[in-house]
Amino acid sequence: MPVQTIPPRIRWAVELMDVQPNDQVLEIGCGPGAGAELICGKLETGKLFAIDRSESGVDRTKRRNQKSVDAGRLVVRQIDLATLRVPVKRLTKVFAFNVNLFWVRRCDDEMALLHERVVPGGAVYLFYEAGRPELVPNIVKKTSEALVRSGFRVSVVEQKAPAVIGIIGRR
């Protein structure tokens, strides 16, 4: 299999999360598996549970990260967040990149599930490409409101090149 590159925007987002060797991480919308590759590379005793609604996203993530799947550091499932029953009792981090769920509609049930499963001191990291600057204020506002309604403390980070916005909810 040819070596797949990791986009700088994904690299920046995962670095900002500061994944620790024993973290229990949920990735929402694993897509092609670049985030999973970086996260699993930092795990030793921890685990990444990656989900995607798309069968092709799940397949691509599994193929790209087969060694992590075989080692038991990565579990990948085709499911959406609303119907997920997180197998990990307590998550230290949740990661999503360009998952529109959190700003295009009310997502109180999904946020309540995250709040219930993230340990005190843990965090939800929601990142979006900011290539369309006119959308950024709405993305930040709606996503921040959803996190706050569920009991998270919110901070916003941004990177100019490539343009990425991160909304972080800490428990």
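The structure reproduced in this document is the subject of the present report. What you see is a predicted model, and the numbers here were worked out from it, not measured in a lab.

**Structural notes on a nonpolar patch on the surface**
Residues V148, V154 and V156 make up a contiguous nonpolar surface patch of about 210 Å² in total accessible area. Looking at where V156 falls in the secondary structure, it is placed in strand β6 (residues 153-159).

**Some details on the nonpolar core**
Buried together is how nonpolar side chains tend to be arranged in soluble globular proteins. Judged by nonpolar contacts, the single largest core of 31 residues is most densely connected at L26, I28, L81, F102 and L114. Going through the elements one at a time, β1 (24-28), β2 (47-52), β4 (91-97), α5 (101-104), α6 (108-117), β5 (118-129), α7 (136-149) and β7 (164-170) are the ones with two or more residues in this core. Among the elements that take part in this core, α7 stands out by supplying five residues, more than any other. With sequence-adjacent residues up to four places away left out, L26 is seen in contact with L48, F49, I51, L81, L84, L91, K93, V94, F95 and L114. Within the second largest apolar cluster, 27 residues are counted, among which are M17, V25, L48 and A50.

**Some remarks on the packing of aromatic side chains**
With the rule as written, the count across this model stands at four aromatic pairs. Taking 6.0 Å as the distance between ring centres and 50° as the angle between the ring planes, the aromatic pair formed by F95 and F127 counts as tilted. On the criterion of sequence distance, the pair formed by F95 in strand β4 and F127 in strand β5 is long-range, its members being 32 residues apart. Neither F95 nor F127 differs from the other in exposure class; each is buried. Taken together, a centroid distance of 6.4 Å and an interplanar angle of 10° make the contact between Y125 and F127 stacked. Exposure class is identical for Y125 and F127. Each is buried. The rings of W12, F95, F97, Y125 and F127 are connected pair by pair, giving a single aromatic cluster.

Reading the values: the criteria
Residues numbered from 1 in each chain as written. Predicted model: local features only at pLDDT ≥ 70, side-chain atom pairs only at ≥ 80, totals over all residues. Heavy atoms only, no water. Patch = residues over 30% accessible without salt bridge, like charges linked within 9 Å, V, L, I, M, F, W, Y side chains within 5 Å. Areas by Shrake-Rupley, 256 points an atom, 1.4 Å probe, with all protein chains shown as cover. Salt bridge = Lys/Arg side-chain N within 4 Å of Asp/Glu carboxyl O. Helix = DSSP H or I, 4+ residues; strand = E, 2+ residues; numbered from the N terminus. Core = buried A, V, L, I, M, F, W, Y, C linked by side-chain atoms within 4.5 Å. Buried < 20%, exposed > 50% of the residue type's maximum accessible area, 1.4 Å probe, protein only. Contact = heavy atoms within 4.5 Å. Phe/Tyr/Trp six-rings, centres within 6.5 Å; stacked < 30°, edge-to-face > 60°.

Note that all results are geometric; they support no functional claim without further evidence.
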